[in-house]
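So you can see what is in the structure, the chains are spelled out below.
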Amino acid sequence: MSQSSIERGRTERWVGFIILLCLAGIAAGVYHKQFSFNPAVLVATAATPAAPGTTKPAPSSQNESLPTLPPELSALSAPETFTADNLYDKVDGKADLYLTAGFVGLQCQRLALKATSDVWMEWFVYDMGTLPQAFSVFSLQRRAEAQTLDLTPFAYQTQNSLYFVSGRYYVEAVTAMPTEPMMAAMLAMARQFVAAHPPGAAEIPELKLFPPENLEAGSQGLQVADAFGFDQFTNVFTAKYRLPNSATNAEVLAFLELTKTSTAAAALCDAYRSFLLANGGKEIEAGAAASLGKPINFMDNIEIVFAESNMVAGVHAVPDAASAAKVAQQLADSLRKGKP
Amino acid sequence: MSQSNPLDRRDFLLRTAKAGAAIVVAGGAGLWLHDRKGPAANIVSETVSLPDFSLPSTGPKMSLVTGADRVKTVNRALAALGGIERFIKSGDRVVLKVNAAFASPPALSATSHPDLVAEVTRLCLRAGAASVIVTDNPINDPPSCFSLTGISKAAEAAGAKIALPTPSSFKPTTLADATLIKDWPLLIEPFHGATKLIGLAPVKDHHRSGASLTMKNWYGLLGGRRNVFHQDINTIIFELARLVRPTLVILDGTTTMMTNGPTGGSLDDLKATNTMIASTDAVAADAFGATLLGKTAANLPFIGKAAAAGLGTADFESLNPLRDHVD
């Protein structure tokens, strides 16, 4: 090799080295800057995972979801519309509950009784995009002492308010003055809403997979993100069981999540077991439901998780092992019979 | 296959010069486009901070009075601490930071109760306060929030002035060694000339933080798109507790919103817990407030953070709270 070739090679190496050094400096600068962002500039937006088999729909147009007023009501304020960007302005710290469930838009309005204008209510229509997502926010806020309404499959009333799901919409009507005329007007408006926005196919097939024995009526729910603090659990359906003859009169929360394949279900089941064990859970001897794997004692409560076909299912935070095993076995049997 | 010509010195220098020129042009363009000042909205001309309104002479104290009548319980709770006169002197200009976050009627207990706001106003004026200003930043339609909660009417009838937030009410503030409160808009206008600050908060469940109590109540002093802080709710409450040093906090546990907070909606979300808490130690007040929600201080990380930083004690019993009851 000639002397000039050697010198040229050496120069090229140095130039290359300097260029790499510059690139490394730029990378270090970017790395450093990401830790000192100004929160005034960077507005975090909540992730919006979709419920099973859904894509994000377009929001309803202005006032489309506010029904015609019944004759006994008049508007106390102009309708308000909120999007994912400003929902917080209306509901403050509860915005995340809706945003994580796929919130599309909110329309609301204050309405008063014409006869006594100091008796008023507020009507909220949350467009959640899909029925399962509307059901999710409905179920997460369900009041224990509620009285079921015959409006739609998912509807209830408390002493001063009513709540229901109609198709993609989750609706709340709230008054602080629950006089008989006001509650009647509220219900009339709800019926008008359902007529104007028929729920369509109002069934959520996953709910039928839960066995009916000892199931608490109206206790089913859907968590679309981070169920039980486990970030891989999305779209987890839940249902409560009460075993009257158990030692502790235990309430048992059963759950299930559908995955795409049986392999994915097995992997998710293993991941949840690992999550529990990594956070202090201990495997205990299997009792009546031995075929479902060893239960895990997690913070003095029992967890059982198993995979069945393309589903992950189990029971969560149950005070006694016998009740946990009984409901888990019932659930496993039901899933085997009713594979989706 | 043809053999390529070896690179000679001339070619190499030419290519190096071109590459160098490209780097210089790209770097120069980047430098030229770089906005050293950042977005215009963040240009800071003046930063502000809140004075320390606490009274070192009073030390950490707490009183717990049970009863269903807010007017009676707050009077007894303050009397147990030595009377309002111990905190409010003649000529004081008092700010009452209420929770008026929602346009929600008082019966739903999502906001400070107007009876309590009115009574504390009266007590301050009776103690010689030169003025009482009632304020909060509800973000969405402040006039409706203050009106429909009943706070405006009750406070004004008792002699207070309502300070509704406007864009000019805010100035940026920065808390030393803070993670979140940096160049952030603070509701400062109502504090001009203020000498005392009393926080009036209801006891509520909160979807993000687990509880909304006296320290969370300072959230209403922030402006801007403060919802970003919900991603790190415990840290922002802790930083607010460092930022705001009140004279006194009054935690209204007469009716507690047990579930579905902070908005609630159904009367079924509420429980009559019939307790009024007055304290110079907001951490202790919140630790007790947690018990009304069926929780402990350990369940609410912001309490632990505040206690660890020396802002108060989570062991409220260590203050030997004065307990009483009024029918």
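Chains are numbered independently. Their residues run from 1 in the order of the written sequence. Whichever chain is written first becomes A and whichever ligand is written first becomes 1, with later ones labelled in order. Under the rules for a predicted model, residues below a pLDDT of 70 receive no local features and side-chain atom pairs below 80 are neither given nor counted, while totals for whole chains, interfaces and linings still include all residues.

1. A closer look at the overall build of chain B
Filter applied, for reference: Only DSSP runs of H or I reaching four residues or more are called helices, and only runs of E reaching two or more are called strands; each is numbered from the N terminus. Each radius of gyration reported is based on C-alpha atoms, and the globular scaling rule is 2.2 Å times the count of residues to the power 0.38. Three exposure classes are used. Buried residues have 20 or more other C-beta atoms within 10 Å of their own C-beta, exposed residues have 12 or fewer, and partly exposed residues fall in between, all C-beta atoms being placed from the backbone.
Broken down by element type, chain B carries eight helices and ten strands. Relative to the 2.2 N^0.38 estimate, which gives 20 Å for 327 residues, the radius of gyration of chain B is 26 Å and therefore markedly larger than a compact globule would have. C-alpha atoms of chain B, sized along the principal axes, occupy 105 × 40 × 40 Å. The buried share of chain B, taken over its 327 residues, is 53%.

2. What to know about the sheet that holds strand 12 (residues 282-283) of chain A
Residue and element names in this part refer to chain A. Heads up, the condition is: DSSP calls a pair of strands paired once it identifies at least 2 bridges connecting them.
Judged by pairing direction, the sheet is antiparallel, and its seven strands sit side by side in the order 9-10-11-15-14-13-12 without closing on themselves. Edge positions in the sheet fall to strand 9 (221-223) and strand 12, since each of these pairs with one other strand and no more. Relative to strand 13 (residues 296-298), strand 12 is paired through two bridges, and the arrangement is antiparallel. The residue bridging Glu283 from the neighbouring strand is Ile296, located in strand 13.

3. Here we look at the nonpolar core
Rules: Here a nonpolar core is just a set of buried residues of the types Ala, Val, Leu, Ile, Met, Phe, Trp, Tyr and Cys, joined wherever their C-beta atoms sit within 7 Å. Distance between backbone-placed C-beta atoms decides contact: two residues are in contact if it is within 7 Å.
If you look at the biggest cluster of nonpolar residues, it comprises 96 residues, and the most contacted ones within it are Leu96, Val117, Val120, Val134 and Ile303 of chain B. A per-element tally of this core places helix 7 (residues 282-292) of chain B first, with eight residues. In contact with Val134 of chain B, not counting residues within four places along its chain, are Leu96, Val98, Val117, Ile151, Ala155, Ala160, Ile162 and Ala163 of chain B. Core analysis: the next-biggest nonpolar cluster, separate from the first, contains 88 residues, Leu243, Ala324, Ala325 and Leu335 of chain A among them.

4. Quick look at the pairing of strand 1 (residues 62-66) of chain B
Residues and elements named next belong to chain B. Across the five residues that make up strand 1, a large majority, four, are buried. In this sheet, strand 9 (residues 270-279) lies alongside strand 1 in antiparallel orientation, the contact comprising five bridges. Note that in strand 9 the partner of Met62 across the bridge is Ser279. Where strand 1 and strand 10 (residues 322-325) come together, four bridges link them in parallel fashion. Each bridged residue has a counterpart across the sheet, and for Val65 the counterpart in strand 10 is Asp324.

5. Concerning the confidence of the model for chain B
Quick reminder of the rule: Residue-level confidence of the predictor is summarised by pLDDT, bounded by 0 at the bottom and 100 at the top.
Counting all residues, the mean pLDDT for chain B is 93, and 95% of those residues have values of 70 or more. This prediction of the complex comes with two scores: 0.79 for pTM and 0.77 for ipTM.

6. Focus: helix 4 (residues 131-140) of chain A
Residues and elements named next belong to chain A. Burial analysis of helix 4 places nine of its ten residues in the buried class, the great majority of the element. Of all the positions in helix 4, only Leu131, Pro132, Gln133, Ala134, Phe135, Ser136, Val137, Phe138 and Ser139 are classed as buried. Next to the buried residues of helix 4 lie helix 3 (95-99), strand 4 (120-127), strand 7 (161-166), strand 8 (169-175) and strand 9.

7. Observations regarding the domain arrangement of chain B
Basically, it comes down to this: In this entry, domain limits derive from an automatic or database-based domain assignment.
Splitting chain B by domain gives domain 1 (7-36) and domain 2 (48-325). Computed over C-alpha atoms, the centres of domain 1 of chain B and domain 2 of chain B are 60 Å apart.

8. With respect to the packing of helix 7 of chain B against helix 8 (residues 301-308) of chain B
Residue and element names in this part refer to chain B. Note the threshold: To get an axis, a line is fitted to the C-alpha atoms, and for a helix only the part in contact is used. The angle between two axes follows their N-to-C directions and goes from 0 to 180 degrees. Any angle that is under 35 degrees is reported as roughly parallel, and any over 145 degrees as roughly antiparallel; angles of 65 to 115 degrees are reported as roughly perpendicular and all others as oblique. It is the rotation of the near helix from the far one that decides the hand of a crossing: anticlockwise by less than a right angle makes it left-handed, clockwise makes it right-handed. Each residue gets one of three labels, nonpolar for Ala, Val, Leu, Ile, Met, Phe, Trp, Tyr, Cys and Pro, charged for Asp, Glu, Lys and Arg, and polar for the others, Gly among them.
Between helix 7 and helix 8, whose axes approach to 10 Å, the crossing angle comes to 155 degrees. The pairing of helix 7 with helix 8 is recorded here as roughly antiparallel in orientation. Where helix 7 crosses over helix 8, the handedness of that crossing is left-handed. Contacts between helix 7 and helix 8 involve Val283, Asp286, Ala287 and Ala290 on the former and, on the latter, Ile303, Ala306 and Ala307. For the contact of helix 7 with helix 8, the per-class residue count stands at six nonpolar, no polar and one charged.

9. Examining the interface of chain A and chain B
Chain A puts 29 residues into the contact, and the matching count from chain B is 33 residues. Of all elements in the fold, only helix 1 (3-33), helix 2 (87-91), helix 3 and strand 8 of chain A reach the threshold of two or more residues within the side of chain A that touches chain B. Among the elements that make up the side of chain A that touches chain B, the one with the highest residue count is helix 2 of chain A (four residues). Here the residues of the side of chain A that touches chain B are counted per class, giving twelve nonpolar, eight polar and nine charged.

10. Some details on the environment of Val228 of chain B
As for its placement among the helices and strands, Val228 of chain B is situated in the loop between strand 7 (196-204) and helix 6 (233-243). Taking the number of C-beta atoms within 10 Å as the measure of exposure, Val228 of chain B has 19 and is therefore partly exposed.

11. Examining unusual backbone geometry
Residues and elements named next belong to chain B. Each neighbour pair has its own omega, and for Gly261 with Pro262 the value is 10 degrees, a cis peptide bond. Tracing the backbone through its elements, the reader meets Pro262 in the loop between strand 8 (248-257) and strand 9. The backbone of Asp177 shows a phi angle near 60 degrees, a positive value even though the residue is not glycine. By secondary structure assignment, the location of Asp177 is in the loop between strand 5 (170-173) and strand 6 (184-187). Overall, Asp177 belongs to the exposed group, with 7 C-beta atoms counted inside 10 Å.

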